[in-house]
Amino acid sequence: MTLKLIGSWIFGGILITISAWILGHIDQTVGVSPVSYGLALFVAFVLILIGGLAWISVATATAKH
């Protein structure tokens, strides 16, 4: 594996970890608007998608070698 593939793999893991942290700490309580709650969910979802895309690109690149 090249350094670029390892970096992409780690980057994807960091993004998924951040999104899991966001989802684990999100809570719709008093003082949290529905817009901010939905925005936090959307940001976490996008981070999961980008992290998964990074992992998929690493998997396809290593399969070609």
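Cut-offs used in this document
Residues numbered from 1 in each chain as written. Predicted model: local features only at pLDDT ≥ 70, side-chain atom pairs only at ≥ 80, totals over all residues. Heavy atoms only, no water. Helix = DSSP H or I, 4+ residues; strand = E, 2+ residues; numbered from the N terminus. Rg over C-alpha atoms; globule rule 2.2 N^0.38 Å. Buried < 20%, exposed > 50% of the residue type's maximum accessible area, 1.4 Å probe, protein only. Contact = heavy atoms within 4.5 Å. Areas by Shrake-Rupley, 256 points an atom, 1.4 Å probe, with all protein chains shown as cover. Expected span 1.5 Å × (residues − 1). Axes fitted to C-alpha atoms, helices over the stretch in contact; angles between N-to-C directions. Parallel < 35°, antiparallel > 145°, perpendicular 65-115°, else oblique. Left-handed = near helix turned anticlockwise from the far one by under 90°. Nonpolar A, V, L, I, M, F, W, Y, C, P; charged D, E, K, R; others polar.

Looking now at the overall build of the protein. Scanning the protein from N- to C-terminus turns up two helices and zero strands. The C-alpha radius of gyration computed for the protein amounts to 15 Å, which surpasses the reference 11 Å derived for 65 residues by more than 25%, pointing to a less compact arrangement than a globule. With the C-alpha coordinates of the protein rotated into their principal frame, the extents come out at 55 × 15 × 15 Å. Looking at the protein as a whole, 18% of its 65 residues qualify as buried. For the protein, the share of sequence-separated contacts (at least 6 apart) that also reach a separation of at least 24 residues comes to 70%. With the model as given, the accessible surface of the protein reaches about 4,800 Å², and the carbon-plus-sulfur share is 78%.

Attention shifts here to helix H1 (residues 3-25). Taking 1.5 Å of rise per residue, the 23 residues of H1 would be expected to cover 33 Å, and the 33 Å separating its terminal C-alpha atoms lies within 8% of that figure. Along H1, the positions that sit buried rather than exposed are Leu5, Gly12, Gly13, Leu15, Ser19 and Ile22. For H1, the elements touching its buried residues are helix H2 (34-64).

Look at H2: 45 Å from first C-alpha to last across 31 residues, which is about the 45 Å you get at 1.5 Å a residue. Those residues of H2 that sit buried are Ala44, Leu47, Gly51, Gly52, Ala54 and Val58. In this fold, the buried residues of H2 make contact with H1.

Glancing now at the packing of H1 against H2. For the pair H1 and H2, the least separation of the axes is 8 Å and the interaxial angle reads 155°. Of the possible angle classes, the one that applies to H1 and H2 is roughly antiparallel. As H1 runs across H2, the sense of the crossing is left-handed. Residue composition of the contact of H1 with H2, by class: 18 nonpolar, seven polar and no charged.

Function cannot be inferred from these measures alone, as they are strictly geometric.
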